[in-house]
Amino acid sequence: MHVSEKPRSAYPFWLKPFFWSQQRRYGKVLKPGLLWARVPRLFAAVAMLYGVLDRKSSPLTPQLRSLITVRVSQINWCAFCVDINAMTLAKRSGSTDKVDALPDWQNSTLFSEQERAALTYAEAMTYSDRQVTPELMTQVKQHFDNDTLIELTGLIAFQNMSSKFNSALDVPSEDFCRIPTRNDSRQTE
């Protein structure tokens, strides 16, 4: 990593519940959390935004949310994000089939039309040489109402921020899940 985390005693006391939650959920405090927490208010804002996007009452299914976060992470070459989000996708879908097929999702029969529309949209938002066209927006709106589209857009934007942050700082995988190779993650460019 290009920046190391501080000793836990150096973080403000009010961040301890966040760290406790990560420890309980993942068995450890995650490196990105410790890096974001170097600027405590920034960490709190990012954690709250993530909590809103990954809430149980989201109009996006948990499996779709995880599918999108894995794909955006693959595109941005974020080893940590692919690792943790692939683990979450495998748990939410009950297998690693979609995780394994995701680098070449266009040629897989595992993905629904709604998932394909969301993945196409995520790629258009993530790759800098693409854009969201009116035709793509028409396709996406066949599967998502306006409020859900805002949530999907927010999730994709958040995952781009998160994966680019971790990738830039070279945050490593924490070995939650098998990670596709760099070549696999760029297969659909």
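Structural notes on the confidence of the model for the protein chain
Part 1 of the argument: Mean pLDDT over the protein chain works out to 91, with 94% of the residues at or above the 70 mark.
Part 2 of the argument: By mean pLDDT, the top-scoring element of the protein chain is helix 7 (residues 113–126) (98), and the lowest-scoring one is helix 10 (residues 182–185) (46).
Part 3 of the argument: Under a pLDDT of 50 for its full length, residues 179–189 has, in the predicted model, 26 contacts with residues more than four places off or in other chains.

Describing the packing of helix 4 (residues 62–75) against helix 7
Part 1 of the argument: Relative to each other, helix 4 and helix 7 sit at 35°, their axes nearing to 10 Å. Crossing geometry of helix 4 relative to helix 7 is assigned as right-handed. On helix 7, the residues that touch Gln-63, Leu-64, Leu-67, Ile-68, Arg-71, Val-72 and Ile-75 of helix 4 are Gln-114, Glu-115, Ala-118, Leu-119, Ala-122, Glu-123 and Thr-126.
Part 2 of the argument: Grouping the amino acids of the contact of helix 4 with helix 7 by side-chain chemistry returns eight nonpolar, three polar and three charged.

Quick look at the packing of aromatic side chains
Part 1 of the argument: For the structure shown, the criterion picks out six aromatic pairs.
Part 2 of the argument: When the ring of Tyr-11 is compared with that of Phe-19, the centres are 5.3 Å apart and the planes differ by 80°; the resulting orientation is edge-to-face. Assigned by exposure class, Tyr-11 and Phe-19 land together as buried.
Part 3 of the argument: With a centroid separation of 3.8 Å and an interplanar angle of 15°, the aromatic rings of Trp-36 and Phe-165 are classed as stacked.

Conventions we followed
- All chains use their own residue numbering, which begins from 1 and follows the written sequence.
- Reporting of local features is limited, given that this is a predicted model, to residues whose pLDDT is at least 70; pairs of side-chain atoms are given and counted only at 80 or more, and all residues count toward the totals for whole chains, interfaces and linings.
- The basis for the side-chain values is all heavy atoms of the structure; hydrogens and waters are excluded.
- Per-residue confidence from the predictor is reported as pLDDT, which spans 0 to 100.
- For helices the rule is a DSSP run of H or I covering at least 4 residues; for strands it is a run of E covering at least 2, with both sets numbered from the N terminus onward.
- The contact criterion used is simple: two residues touch if any of their non-hydrogen atoms lie within 4.5 Å.
- For helices, the fitted axis covers only the stretch in contact; all axes are lines through C-alpha atoms, and the angles between them, taken along N-to-C directions, range from 0 to 180 degrees.
- In a left-handed crossing the near helix is turned counterclockwise from the far helix by less than a right angle, and in a right-handed crossing that turn is clockwise.
- We call Asp, Glu, Lys and Arg charged. Ala, Val, Leu, Ile, Met, Phe, Trp, Tyr, Cys and Pro are nonpolar, and the rest, Gly among them, are polar.
- Each Phe, Tyr or Trp ring, with Trp reduced to its six-membered ring, pairs with another whose centre is within 6.5 Å; inter-plane angles below 30 degrees give stacked pairs, above 60 give edge-to-face pairs, and intermediate values give tilted ones.
- Exposure classes here rest on a 1.4 Å probe applied to the protein chains alone. A residue is buried below 20% of its type maximum, exposed above 50%, and partly exposed in between.

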